[in-house]
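Residue-level structure breakdown
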Amino acid sequence: MACLRSPLSEIDVMMMMMMICAAAMAGICSAEDPYAYFDWNVAYMKASPLGVEQQVISINGKFPGPVVNVTTNWNVAVNVLNSLDEPLLITWDGVQQRKNSWQDGVLGTNCPIPVGWNWTYQFQVKDQIGSFFYFPSIGLQRAAGGFGEFTINNRAIISVPFDTPHGDITLFIGDWFNMNHTDLRKELDQGKALGVPDGVLMNGKGPYRYNNTLVPAGIDYETINVQPGKTYRFRVHNVGMFSCLNFRVQSHNLLLVETEGSYTVQQNYTNLDIFVGQSYSFLITMDQNGSSDYYVVASARFVNGSKWDRVVGVAILHYSNSKGKASGPLPDPPNDVYDKTYSMNQARSIRWNVSASGARPNPQGSFRYGSINVTQVYVLKNKPPVLINGKRRATFNGISYSSPETPLRLADKYDKKGVYRLDFPTESNEGAPKIATSVINGTYKGFMEIVFQNNDSRVQSYHLDGYAFFVVGMDYGEWTDNSRGTYNKWDGVARSTIQVYAGAWTAVMVSLDNVGVWNLRSEELDSWYLGQETYISVVNPESTNRTELPVPDNALYCGLLKDLQKQQSPHSQGLNSSSLIASRSSVILALLFVAAFFMFL
């Protein structure tokens, strides 16, 4: 075969059998929930999105990567082949792995996929309908690409609180550097700040040449083709390094309907600030006359200086009856120089649609999070980067996280002591900052209040894997116990990534009902790389196999457990997707004969 992989596990075989039964033997056997299987070859390719050739990360030759389009309750298997020259992990941002942190794709739960090896992620999507994305989670690799859309659709029995749109459009926006991600790492390792990005990409492409000075000739830009009078769903994700981007479509309203798996109260915006790691769905009606094309803009926010003028992404909205190219100035960004609460009030206006059905066939508001007693409180304070042992590091509560060679969850399962400590402080102390593998000890079935206090001069966004949390409050200044009097305890939106403005705080609440070790991190790639993260350990004290899936049969082992790893023959570098499909097809064909044999015994 063109590709060699680990021996098929029982789960692999069962998955293949179900796929075969569903596709080739309908009526003879059936699977309870469908399977979706994907073969990915993650490799480098050359691209020049801003006019400068550089190395980007592609999946099956695509940048951005392919769409994962599934329905709630489906089982997903993604076979990832690492054709990079360094280890790789893929994480599923906002997609909740129920009982299954083994598939989370971060260093706390997974050993990286070695160079030339493959590994199959296997999980079931549940309790969510909406817009998410995946990306490589280690070593600033997302700064080179490797990201793509992860859409979870509703089952037929679950209603959607809006009419089916005419089309579905995915848009990845993000600040971008012409420097390769390996060189960006070197800059951070040498204690340097990364400075001003070189631009903003939209779906991996540079800006339309709206300005002959700021945008060089020959840049490939994104064009979105639409029909007049139709309504489209735009799924917009900020996958950049660290810049908040204001998103707007010239002369069109953005009707917000969903964010990260939660339906929102439907409100029109002329523009919306989208922070790093956040995902939104807008319904946009093509209600203009098509006198010309229209600008689609994403520009940097909360920044100063003329160097930031180039940090603008521009795509083109092209009506089928358009009479000419877009021209003239871009639509204006918010003018809030003298009103720093503009963006925060926007964020506060994003509320949960408590009358809509969620992935479960019951109203979302029935959870009544505001009446649940809080059992744990953590106030996580962010300050500007500091020097620790001569190294520039980012911290939470004075601690800069250090990833051990042995993933935390594997250390638990194999009783390896001393890998980490459950001593993360509940609030910041005045002692000297330190580098440590310090983890939050979460209480299973507890209800945790987390306050993010941002005492840096730069806006931040924070993400929690494995959960959606309720956004209950935000304000400027220092959080105190009295701040709870401002909390929204009825329809705070449930999501997985939230912004925290400079000199401000944001409070969230989360029900710790998902057993595992879950990453809590800055979504700004430089802050994350420099140690601004921790994990929440959620362990069921009762001995039961019902609250967490077992270690997968194909688990990779490293660190203290490296002797357990069975060697895998590396695949050839630069495999194309057709050879991968041919390889997998031969396995499926063999299983088809086996299935037929047993059925006719």
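Residues numbered from 1 in each chain as written. Predicted model: local features only at pLDDT ≥ 70, side-chain atom pairs only at ≥ 80, totals over all residues. Heavy atoms only, no water.

We now examine the layout of surface pockets. Of the pockets and cavities examined, the largest pocket occupies roughly 1,200 Å³. If you go around the largest pocket, you meet 47 residues; those closest to its centre are Ala300, Arg301, Phe302, Val303 and Asn304. Its residues placed into classes, the lining of the largest pocket shows 24 nonpolar, eleven polar and twelve charged. (1 Å grid on protein atoms, 1.4 Å probe; cavity = no way out; pocket = protein on both sides within 12 Å on 5 of 7 lines; lining within 4 Å. Points joined across faces, edges and corners; volume = space filled by probe spheres on them. Nonpolar A, V, L, I, M, F, W, Y, C, P; charged D, E, K, R; others polar.)

This paragraph deals with the sheet that holds strand E9 (residues 167–176). The mixed open sheet is built from six strands, whose spatial order is E10-E9-E12-E17-E14-E15. The sheet is open, and its two borders are formed by strand E10 (199–202) and strand E15 (262–269), each paired with just one other strand. Between one strand and the next, the sheet's axes are offset by a mean angle of 25°, whatever the strand orientation. Relative to E15, strand E14 (residues 254–259) runs antiparallel, the two sharing five bridges. Across the sheet, residue leucine 254 finds its bridge partner in E15, namely tyrosine 269. (Pairing = 2+ DSSP bridges. Helix = DSSP H or I, 4+ residues; strand = E, 2+ residues; numbered from the N terminus. Axes fitted to C-alpha atoms, helices over the stretch in contact; angles between N-to-C directions.)

Here we take up the pattern of salt bridges. The tally for this structure, following the rule as stated, stands at 26 salt bridges. Its salt-bridge partner being aspartate 168, residue arginine 235 comes within 2.8 Å of it at the nearest N-O pair. Remark: aspartate 168 occurs in strand E9 and arginine 235 occurs in strand E12 (residues 231–238); sequence separation between them is 67 residues. In this structure arginine 235 comes out as buried when scored by relative accessible area, which is 2%. Looking at aspartate 168, the relative accessible area reads 43%, which means it is partly exposed. Glutamate 449 is paired through a salt bridge with arginine 484; the nearest N and O atoms lie 3.1 Å apart. Of the two residues, glutamate 449 sits in strand E26 (residues 447–454) while arginine 484 sits in the loop between strand E28 (469–476) and strand E29 (494–495), which places them 35 residues apart along the sequence. Classification of glutamate 449 as buried rests on a relative accessible area of 1%. (Salt bridge = Lys/Arg side-chain N within 4 Å of Asp/Glu carboxyl O. Buried < 20%, exposed > 50% of the residue type's maximum accessible area, 1.4 Å probe, protein only.)

Attention now goes to the packing of aromatic side chains. Considering all chains together, one arrives at 32 aromatic pairs under this definition. With centroids separated by 5.5 Å and ring planes inclined at 90°, the aromatic side chains of phenylalanine 275 and tyrosine 501 adopt a geometry described as edge-to-face. One end of the pair, phenylalanine 275, is in the loop between strand E16 (272–274) and strand E17 (279–285); the other, tyrosine 501, is in the loop between strand E30 (497–500) and strand E31 (504–511), with 226 residues separating them in the sequence. Phenylalanine 275 gets classed as buried once you look at its relative accessible area, which sits at 1%. (Phe/Tyr/Trp six-rings, centres within 6.5 Å; stacked < 30°, edge-to-face > 60°.)

Following phenylalanine 63, the chain continues to proline 64 via a peptide bond in cis, the omega torsion being -5°. Of note, proline 64 is situated in the loop between strand E2 (54–59) and strand E3 (68–71). The phi dihedral of glutamate 260 is positive, around 50°, even though this residue is not glycine. With respect to the helices and strands, the residue glutamate 260 is situated in the loop between E14 and E15.

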